[in-house]
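Examination of the molecular architecture
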Amino acid sequence: QVQLVESGGGLVQPGGSLRLSCAAPGNIFSRYTIAWHRQAPGKKREFVAEMTTGGTTNYVDSVKGRFTVSGDNAKNTLFLQMNRLKAEDTGVYYCAAKRFGVYIYWGQGTQVTVSS
């Protein structure tokens, strides 16, 4: 069993920034792709960004140029730096571990609210 723990969510004004963290067990980055998803009220959960085992990052078009995924292997933590936030970025953000194309483990999520 792999436990993922998100943190860093909160309330921020449009145009502001937040950095989310996903804490994971040791060596997980070498075995799983770690992804960020989000779910807005009344909407389906959607993919946001990911970092593969090889360090490649991928993003949904709506966040390209604003969000950045990075990892700290020494701290077993994946970050999602979110800049120039918009109201439509509001939602619960989850990190998930993927292997062989299947999301196997999910965190509990952290709430991000973008509002003035």
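Scroll up a little and you will see the structure.
Summarised in this report is the structure supplied together with it.

Strand order in the open sheet made by the four strands is 1-3-8-7, with antiparallel pairing throughout. Across the chains shown, the open sheet's two edge strands, defined by having one partner strand only, are strand 1 (5-7) and strand 7 (67-72). Each adjacent strand pair in this sheet contributes to an overall mean axis angle of 20°, direction not counted. Of the pairings in the sheet, the one linking strand 1 to strand 3 (residues 18-23) comprises three bridges and is antiparallel in character.

With that settled, consider the packing of aromatic side chains. Following the criterion strictly, the structure yields three aromatic pairs and no others. Taking 6.4 Å as the distance between ring centres and 80° as the angle between the ring planes, the aromatic pair formed by tyrosine 94 and tryptophan 106 counts as edge-to-face. Taken together, the positions of tyrosine 94 in strand 9 (residues 91-99) and tryptophan 106 in strand 10 (residues 102-106) put the pair 12 residues apart, joining distant regions of the chain. Judged by relative accessible area, which is 12%, tyrosine 94 ranks as buried. Grouped by ring-pair contacts, the aromatic residues Tyr94, Tyr103 and Trp106 constitute a single cluster. Positioned above the aromatic ring of tyrosine 94, the side-chain terminus of arginine 45 is 3.8 Å from the ring centre.

So, on to the side chain of threonine 33. One can find threonine 33 in strand 4 (residues 33-39). Looking at threonine 33, the relative accessible area reads 12%, which means it is buried. Not counting chain neighbours up to four residues away, the residues in contact with threonine 33 comprise Glu50, Met51, Thr52, Thr53, Ala96, Ala97 and Lys98.

Following the criterion strictly, the structure yields one disulfide and no others. One disulfide bridge connects cysteine 22 with cysteine 95, the sulfur atoms lying 2.1 Å from each other. Its torsion about the S-S bond being 70°, the disulfide of cysteine 22 and cysteine 95 is classed as right-handed. With cysteine 22 in strand 3 and cysteine 95 in strand 9, this pair connects stretches of sequence that are 73 residues apart. The burial state of cysteine 22 is the same as that of cysteine 95; both residues are buried.

Another aspect to go through is the environment of asparagine 76. For asparagine 76, the position within the fold is in the loop between strand 7 and strand 8 (77-82). Look at asparagine 76 and you get partly exposed, because its relative accessible area is 22%. Spatially, the C-alpha atoms of asparagine 76 and alanine 23 are 6.0 Å apart, while their sequence positions differ by 53 residues. Those residues in contact with asparagine 76 that sit more than four places away from it in its chain are Cys22, Ala23, Ala24, Pro25, Gly26, Asn27 and Phe29.

What counts, and at which threshold
- Residues numbered from 1 in each chain as written.
- Predicted model: local features only at pLDDT ≥ 70, side-chain atom pairs only at ≥ 80, totals over all residues.
- Heavy atoms only, no water.
- Pairing = 2+ DSSP bridges.
- Helix = DSSP H or I, 4+ residues; strand = E, 2+ residues; numbered from the N terminus.
- Axes fitted to C-alpha atoms, helices over the stretch in contact; angles between N-to-C directions.
- Phe/Tyr/Trp six-rings, centres within 6.5 Å; stacked < 30°, edge-to-face > 60°.
- Buried < 20%, exposed > 50% of the residue type's maximum accessible area, 1.4 Å probe, protein only.
- Lys NZ or Arg CZ within 6 Å of the ring centre and 35° of its normal.
- Contact = heavy atoms within 4.5 Å.
- Disulfide = S-S within 2.5 Å.

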